[in-house]
Amino acid sequence: VGANVNGKANFLPIAWFMQAARRPPKVAVALNRAHYTNQGIKENKTFSVCIPSEDMVAATDHCGLVSGSKADKSGVFEVFYGKLKTAPLITECPVNIECSLDKVVDNGSNELFIGNIVSTYTEEKYLTDGAVDLKKTKPFMLSLNDHQYHVLGKPKAKAWNVGKNFKP
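Okay, so let's go over this structure.

Conventions adopted
Residues numbered from 1 in each chain as written. Predicted model: local features only at pLDDT ≥ 70, side-chain atom pairs only at ≥ 80, totals over all residues. Heavy atoms only, no water. Salt bridge = Lys/Arg side-chain N within 4 Å of Asp/Glu carboxyl O. Helix = DSSP H or I, 4+ residues; strand = E, 2+ residues; numbered from the N terminus. Phe/Tyr/Trp six-rings, centres within 6.5 Å; stacked < 30°, edge-to-face > 60°. Buried < 20%, exposed > 50% of the residue type's maximum accessible area, 1.4 Å probe, protein only. Pairing = 2+ DSSP bridges.

### Some details on the pattern of salt bridges
When their charged atoms lie close together, side chains carrying opposite charge are able to pair.
Next, step 1: Tallied over the full model, the rule gives five salt bridges.
Next, step 2: One salt bridge in this structure joins Glu111 and Arg33, with 3.8 Å as the shortest N-O distance. Of this pair, Glu111 sits in strand 9 (residues 110–121) while Arg33 sits in the loop between strand 4 (26–32) and helix 1 (37–44); the two residues are 78 residues apart in sequence, bridging distant segments of the chain.
Next, step 3: One network of salt bridges, with partners in common, ties together Arg33, Lys42, Asp106 and Glu111.

### Comments concerning the packing of aromatic side chains
Next, step 1: Within the structure shown, the criterion is met by three aromatic pairs.
Next, step 2: Here Phe140 and Tyr149 contribute two aromatic rings whose centre-to-centre distance is 5.3 Å and whose plane-to-plane angle is 85°, an arrangement assigned as edge-to-face.

### Observations regarding the environment of Ile114
Next, step 1: Position of Ile114 relative to the elements: it lies in strand 9.
Next, step 2: Using a relative accessible area of 15% as the deciding quantity, one classes Ile114 as buried.
Next, step 3: Between the C-alpha atoms of Ile114 and Val27, which are 87 residues apart in sequence, the distance is 5.8 Å.

### Brief notes about the pairing of strand 4
Next, step 1: Among the seven residues of strand 4, six are classified as buried, and the element is accordingly described as predominantly covered.
Next, step 2: Between the end of strand 3 (residues 16–21) and the start of strand 4, which pair antiparallel, lie four residues.
Next, step 3: Sheet analysis places strand 4 next to strand 9, joined by seven bridges and oriented antiparallel. Pairing of Val29 across the sheet is with Phe113, part of strand 9.

Pasting the structure below:
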């Protein structure tokens, strides 16, 4: 997740990110309320969700190891800005999602930021038939159980199909 804080781009890897609505398109990200990035999201009413590829794992992990309140992370990645001008996006990421803040939900130790998707940025090389192709973007995810980053494997089954003939 990216946000400008005190005029500088700041990035934070997160474990909880999801599609919040299809129409209108929204995403939700959960950040511990103590994170430095939160103040930038609230100040600017914008944020980004940047999906790194597996070759960006060390730089991404670094952004989670140091706080933006103690270290300037604006130079870790090449940054660009889209329509909103205040949501930093990462050139090296295969997919960047630019969001305007819709609402903040108090969720215990976390704040849930719900954003309206304003624009999505990618390159043709990451698409198949006009859609983002996970095999080409090579994203990774965090497993909290074993504290490991995992890459996606081969598809297992077709969603909304494999269970049609299942008999309990």
